[in-house]
Amino acid sequence: MHPALAVGLVFSGCCSNVVFLELLARAFPGCGNIVTFSQFLFIAVEGFIFQANFGRKKSAIPVRYYLIMVAMFFTVSVVNNYALNLNISMPLHMIFRSGSLIANMVLGIIILKKRYSVSKYLSIALVSVGIFICTLMSAKQVASYQTSNVDDGFSAFLWWLLGIAALTFALLVSARMGIFQETLYKEFGKHSKEALFYNHALPLPGFLLLAPDIYNHAVMFSQSEPFQLPVLGLQMPIMWFYLLMNVITQYVCIRGVFILTTECPSLTVTLVVTLRKFLSLIFSILYFHNPFTTWHWIGTLFVFMGTLLYTEVWNTIGSVAGKDKKETKKD
């Protein structure tokens, strides 16, 4: 598949996914488990058919390593979903998760004994300042929460602090998973599609622990107002429609990222994912009128400038421009 088409899949799939996720979260803030379970089930079934060949294809990487990776992946997914139910807004949730560069660098220094250039440290500083600004502004919004009871406002702030702690924990675990995956790829070769399947198939039994919550939300979804599907003319509860569209767009997004990793350099993939995050953020703010102050915008700018600096996109643009000038002089 052409890389340009893959980029289109990433942008269309991920941006649409954010819209349907927020529609679900606004109606039922605690619906993260049923959303995650549906996404995992869909990708696992697709991978079982087309990647594992109905279980007949042997994995290139031993399954015991996937079990370790899956434990971390499952933990990150569940904790991130619960954070949305702890007074964490969707824009702050998205910006905070953009701080994965910080977690990856810190754990890279500690675990892999890596050393980085000055530009890398500067990029991490920009991202850190951006996240701090956005977090501080959101903290003020939560602190100014107006209720008839002062204790209710203090309670909301404590839940918000717990949400920040959950996001931080998920960020560190996600970074550790990335380092673990990197070492596996070095030893056994890169098998992204296989990893995608096992990361979504192996955690499925873990959802049995969340079965009551998933069942309760399934019942609530079924009781939502009916929605008539365009073209088909069939009716279904609108929350099930949102969930279906969320699952499909999530698959399109992940599939697009996978194609990019096989067709393009890592710099291109990082840049596309970064721009996708920014567009998703704009979607969330404009479409749902989320509260976003000037300071939030400044913090967001710091986060994405730091991310772009980390990918050394400025050096790439400069080298391309210099090459064009030399070719022009020759002509």
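Under an unreviewed UniProt entry, the name given to the protein chain is Solute carrier family 35 member B4, and the source organism is Xenopus tropicalis. What UniProt records for the protein chain under Subcellular location (unreviewed entry) is the sentence "Endomembrane system". Taken from UniProt, the Sequence similarities (unreviewed entry) comment for the protein chain reads in full: "Belongs to the nucleotide-sugar transporter family. SLC35B subfamily."

(A) Seen up close, unusual backbone geometry. For N53, which is not glycine, the phi dihedral falls at a positive 55 degrees. If you trace the backbone, N53 turns up in the loop between α2 (32–50) and α3 (63–83). Not every positive phi belongs to a glycine, and F54 is a case in point at roughly 60 degrees. Its location among the elements puts F54 in the loop between α2 and α3. Note on F54: relative accessible area 47%, which makes it partly exposed.

(B) Here's a closer look at helix α8 (residues 192–201). Most of α8 is tucked away: nine of the ten residues are buried. Looking only at α8, the buried set comprises S192, E194, A195, L196, F197, Y198, N199, H200 and A201.

(C) Spotlight on the packing of α3 against α8. Running from amino to carboxyl end, α3 crosses α8 at an angle of 60 degrees, the nearest separation of the two axes being 9 Å. Compared by their axis directions, α3 and α8 come out oblique. Crossing handedness for the pair α3 and α8: right-handed. Here V63, Y66, M69, V70 and F73 of α3 come into contact with α8, specifically with E194, A195, Y198, N199 and H200. A per-class count over the contact of α3 with α8 returns seven nonpolar, two polar and one charged.

Rules behind the numbers
- Residues numbered from 1 in each chain as written.
- Predicted model: local features only at pLDDT ≥ 70, side-chain atom pairs only at ≥ 80, totals over all residues.
- Heavy atoms only, no water.
- UniProt positions renumbered as here; feature names shortened; annotations may be inferred.
- Helix = DSSP H or I, 4+ residues; strand = E, 2+ residues; numbered from the N terminus.
- Buried < 20%, exposed > 50% of the residue type's maximum accessible area, 1.4 Å probe, protein only.
- Axes fitted to C-alpha atoms, helices over the stretch in contact; angles between N-to-C directions.
- Parallel < 35°, antiparallel > 145°, perpendicular 65-115°, else oblique.
- Left-handed = near helix turned anticlockwise from the far one by under 90°.
- Contact = heavy atoms within 4.5 Å.
- Nonpolar A, V, L, I, M, F, W, Y, C, P; charged D, E, K, R; others polar.

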